[in-house]
Amino acid sequence: MKTFFMNNLIDDVQKPEGLSFQSALSILDPSRTDLLSCLQAAYFFRVKYFKHEVLVHILNNVQNGFCPEDCRYCAQSKSSGAAIDIYPMKPEAEILAEAEDAFRKGAHCYCMVFAGTGPSPARIVELTRIIRKIKSNFAMDVCVSAGIVTPEQAVELKTAGLDRLNHNLNTSERNYGNICTTHSYSDRIETLRAAKTAGLQLCSGTIIGMGETHEDVVEVASRLREFKAESIPVNFYIPITGAAIKQAQGLTPEYCLRVLCLFRLMNPASEIRMAAGREMHLRSLEVMGLYAANSIFLQGYLNVQGEDNARTMQMIADAGFTIKSEIPLEHHTQSTCDKNQNSILKTISDLRPFQHTEKTPIK
Ligand code: SF4
């Protein structure tokens, strides 16, 4: 007997208190809800708030590796033996060239990601200068992922024009000690609070498949609802050789879709991103993820390659969606695939396509 059908779900989501913890749990349980009802309810809110648009994000690992933290899922952690290319912060000209390239590829948001515990004062100075240049030259949002950020640093970044700060919760408070021991869940919560207080949009999400329970998943979605996170990346764990967590646990395409529906229905007006691992774990059901999610990464993830950009754009077009960009979707449906098929890891040319850029292309 299916307990919750589409209309029940929609009604529950629209109550002042939102979807209850128990109803949220039922979305993850095939014995209690059928998948299409969940997807239809998720689609109702996806269209209500985002119509048929897909927001494209492109990541730039502006610094890779050298991290003293021990996050067990991360190829860049101090305990990882993953064969990734590591480098200190890229020169400004290289970062700006990548920002311009992201803009021309249709990115709605350009995300600069630093490995590490948190930014130094010198790093904040460099970062704010770069943010100002990107914002004054390209009509796209800028997001920074810089680890643990103080309230003062969040204000400096906001003043420079930063749109969003990324800091993922990743898993529940209960499960946090199983995935990281060098910083605490409350460190993460305080960074989210600093971003919100500074007036930054919050990008904070999860990684599914690291041994968490259904209750843990609902707990993360619920915390992000409390914070009114504007952007929620839902990642599905990609096991990288050398990382401490060896395998993704419990991920089937149907379960991944249910997780996307859960995050949409608990955070109906938030940007829900079908993030890392969409190709690997949703497989033939990937396109259905767009009925719950309204956002994707293009061009792969931090250290892992994604599918060919053109194939992603074709999937979006085939399903009747379009991208939110000044560059039309049709410009991006021609394959440029030349990636290394022998490894899921990005090569140095994937990570640093503009490594030898010498002049700052923009003011
Ligand atoms: S997730 Fe961030 S803080 Fe954790 S090990 Fe990776 S780079 Fe370091």
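For the structure itself, look to the data block above.
Residues numbered from 1 in each chain as written. Predicted model: local features only at pLDDT ≥ 70, side-chain atom pairs only at ≥ 80, totals over all residues.

A. Just helix H9 (residues 214–226), in detail. In a regular helix each residue adds 1.5 Å, so 13 residues correspond to 18 Å; H9 covers 19 Å between its end C-alpha atoms and thus fits that length. Buried residues of H9: Asp-216, Val-217, Val-218, Glu-219, Val-220, Ala-221 and Leu-224, and no others. Next to the buried residues of H9 lie helix H2 (21–27), helix H7 (173–179), strand S6 (206–208), strand S7 (231–236) and helix H10 (253–266). Positive phi appears at Lys-228, one or two residues downstream of H9, with a value of about 50°. (Helix = DSSP H or I, 4+ residues; strand = E, 2+ residues; numbered from the N terminus. Expected span 1.5 Å × (residues − 1). Buried ≥ 20, exposed ≤ 12 C-beta atoms within 10 Å, placed from the backbone. Contact = placed C-beta atoms within 7 Å.)

B. Broad picture of the site of the ligand. The environment of the ligand is formed by Cys-67, Glu-69, Cys-71, Cys-74, Gln-76, Ser-77, Ala-115, Gly-116 and Gly-147. Residue composition of the shell around the ligand, by class: 4 nonpolar, 4 polar and 1 charged. (Near = placed C-beta within 6 Å. Nonpolar A, V, L, I, M, F, W, Y, C, P; charged D, E, K, R; others polar.)

C. Focus on the environment of Gly-199. Along the chain, Gly-199 falls in the loop between helix H8 (185–197) and strand S5 (201–203). Considered as a pair, Gly-199 and Ala-154 are 45 residues apart in the sequence and their alpha carbons are 8.6 Å apart.

D. Inspection of the packing of helix H1 (residues 6–14) against helix H3 (residues 35–50) at higher detail. As a packed pair, H1 and H3 sit with axes 8 Å apart at the nearest point and diverge in direction by 40°. The angle between H1 and H3 places the two elements in the oblique class. In this structure, H1 meets H3 at a crossing whose hand is right-handed. Packed against H1, whose contacting residues are Met-6, Leu-9, Ile-10 and Val-13, the element H3 presents Ser-37, Cys-38, Gln-40, Ala-41, Phe-44 and Phe-45 at the interface. Among the residues making up the contact of H1 with H3, the classes are represented as 8 nonpolar, 2 polar and no charged. (Axes fitted to C-alpha atoms, helices over the stretch in contact; angles between N-to-C directions. Parallel < 35°, antiparallel > 145°, perpendicular 65-115°, else oblique. Left-handed = near helix turned anticlockwise from the far one by under 90°.)

E. Seen up close, the environment of Leu-265. Looking at where Leu-265 falls in the secondary structure, it is placed in helix H10. For the pair Leu-265 and Val-13, spaced 252 residues apart in sequence, the C-alpha to C-alpha distance is 6.3 Å. The residues contacting Leu-265, other than those within four sequence positions of it, are Leu-9, Val-13, Leu-19, Ile-27, Ala-41, Ala-42 and Phe-45.

F. Just unusual backbone geometry, in detail. In this structure, Lys-228 is a non-glycine residue whose phi angle is positive, near 50°. The residue Lys-228 is located in the loop between H9 and S7 in this model. Even without glycine at this site, Arg-283 takes up a positive phi of about 45°. Its location among the elements puts Arg-283 in the loop between helix H11 (278–282) and strand S9 (295–298).

Note that all results are geometric; they support no functional claim without further evidence.
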